[in-house]
Amino acid sequence: MSNAIYRLIYISNNCMEGSNAEMQNEIQCILEFARKANSAAGISGALMFNNGCFAQVLEGPQGPLEETFERIQCDMRHDSVVVLSYEEIADRGFDNWSMAYVGYNADSLREFENIKTESGFDTDAIPAERIFEILQEHLIDAENDKLAA
Ligand code: FAD
């Protein structure tokens, strides 16, 4: 069996409605489910919610990764799912995270402002590598959240 690890990066459009508190609550439910399921499947990664978009990095063995992404793609809490990159990697970027969460962040929000257009996503506005960097840069916030929780 291959030990190869793959990384998939996608963006999607939020379809959930409600107050900020209701949204946070729903995202918390997604994270709780994701953390349990991902741990069991050997998946690591990070999720960001910003400017009405989700951006997610998923890392793991090909079979479990594709199964997980298949379920995520069918989820009606978001739509317009666009895969920005899918490739084999040498090392995981989110080794200790079954699913880190990077919430509101003013710097990345500015970058995300350009990604949504009337006809969908402008995938040139933020390349996959930049999304990966943003999630890694802001992991420090997620770590603080984790410590505060
Ligand atoms: P079931 O629980 O059988 O549900 C079937 C469908 O009902 C789902 O596809 C969804 O469309 C809908 N649904 C389920 N719960 C709700 C709800 N509370 N409100 C509205 N509709 C609902 N899962 C992971 O395992 N790993 C991840 O990393 C991960 N990341 C996610 C990131 C985002 C942005 C979103 C929106 C979801 C994510 N999920 C993740 C959840 C995933 O999409 C599935 O809901 C979950 O894996 C359960 O799949 P299932 O087929 O067993 O769904």
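Small disclaimer: the values here were computed from a predicted structure and weren't measured.

Novice: For the site of the ligand, give the residues involved together with the corresponding values.
Specialist: Near the ligand you find 20 residues, and of these Asn38, Gln56, Arg71, Asp75 and Met76 are the closest. Within the side chain of Asn38, a nitrogen or oxygen atom sits 2.8 Å from a nitrogen atom of the ligand. One of the side-chain N or O atoms of Arg71 is found 2.5 Å from an oxygen atom in the ligand. Put simply, the parts of the chain that give the shell around the ligand at least two residues each are helix H1 (20–41), strand S3 (53–60) and helix H2 (62–74). Per-element tally for the shell around the ligand: the top contributor is H1, with 6 residues. Of the residues in the shell around the ligand, the class split is 12 nonpolar, 4 polar and 4 charged.

Novice: Can you tell me about the sheet that holds strand S1 (residues 5–14), naming the residues and giving the values?
Specialist: Backbone hydrogen bonds hold the strands of a sheet together, and the pairing may be parallel or antiparallel. Overall, mixed pairing links the 5 strands, which are arranged S4-S1-S3-S2-S5 in an open sheet. What marks the edges here is a single partner per strand, and that holds for strand S4 (78–89) and strand S5 (100–102). Each adjacent strand pair in this sheet contributes to an overall mean axis angle of 15°, direction not counted. Pairing analysis gives 8 bridges linking S1 to S3, with the strands arranged antiparallel.

Novice: Tell me about the nonpolar core, and name the residues and values.
Specialist: Counting residues in each nonpolar core, the largest one holds 21 residues, and the members touching the most others are Met48, Phe94, Phe112, Ile115, Ile131 and Leu135. For this core, the secondary structure elements donating two or more residues are S1, strand S2 (44–50), S3, S5 and helix H4 (128–137). Of all the elements, H4 adds the most residues to this core, at 5 residues. Discounting residues that sit within four places of it in the chain, Met48 has contacts with Cys53, Phe54, Ala55, Val102, Gly103, Ser108, Phe112, Ile134 and Leu135. Counting residues in hydrophobic clusters, the runner-up holds 19 residues, among them Tyr6, Leu47, Phe69 and Tyr101.

Novice: Describe H1, naming the residues involved and giving the relevant values.
Specialist: Over its 22 residues, H1 runs 31 Å from end to end, which matches the ideal 32 Å to within 8%, given 1.5 Å per residue. For H1, the set of buried residues is Met23, Ile27, Leu31, Ala34 and Asn38. Down the axis of H1, the buried side of the element spans an arc of 75°, and every buried residue falls inside it. Exposed residues on H1 whose side chains face more than 90 degrees from its buried face are Ala21, Asn25, Phe33, Lys36 and Ala40. Contact partners of the buried residues in H1: S1, S2, S3, H2 and S5. Looking at the residues trailing H1, positive phi occurs at Gly42, about 75°.

Novice: Before we move on, could you go through the environment of Gln62 and cite the residues and values that matter?
Specialist: Considering the arrangement of structural elements, one finds Gln62 in helix H2. Separated by 26 residues in the primary sequence, Gln62 and Glu88 place their C-alpha atoms 8.9 Å from one another. If we skip the residues at most four places from it in the chain, Gln62 touches Ala4, Tyr6 and Tyr86.

Novice: Residues and numbers for unusual backbone geometry, please.
Specialist: Backbone phi values are negative for most residues with the exception of glycine, while trans is the configuration of most peptide bonds. The backbone of Ser80 shows a phi angle near 50°, a positive value even though the residue is not glycine. Structurally, Ser80 is set in strand S4. On the accessibility criterion, Ser80 (44% relative accessible area) is partly exposed.

Thresholds applied
Residues numbered from 1 in each chain as written. Predicted model: local features only at pLDDT ≥ 70, side-chain atom pairs only at ≥ 80, totals over all residues. Heavy atoms only, no water. Near = heavy atom within 4 Å. Polar contact = N/O pair within 3.5 Å; in protein donor to acceptor, adjacent residues only side chain to side chain. Helix = DSSP H or I, 4+ residues; strand = E, 2+ residues; numbered from the N terminus. Nonpolar A, V, L, I, M, F, W, Y, C, P; charged D, E, K, R; others polar. Pairing = 2+ DSSP bridges. Axes fitted to C-alpha atoms, helices over the stretch in contact; angles between N-to-C directions. Core = buried A, V, L, I, M, F, W, Y, C linked by side-chain atoms within 4.5 Å. Buried < 20%, exposed > 50% of the residue type's maximum accessible area, 1.4 Å probe, protein only. Contact = heavy atoms within 4.5 Å. Expected span 1.5 Å × (residues − 1). Arc of directions from axis to C-beta.

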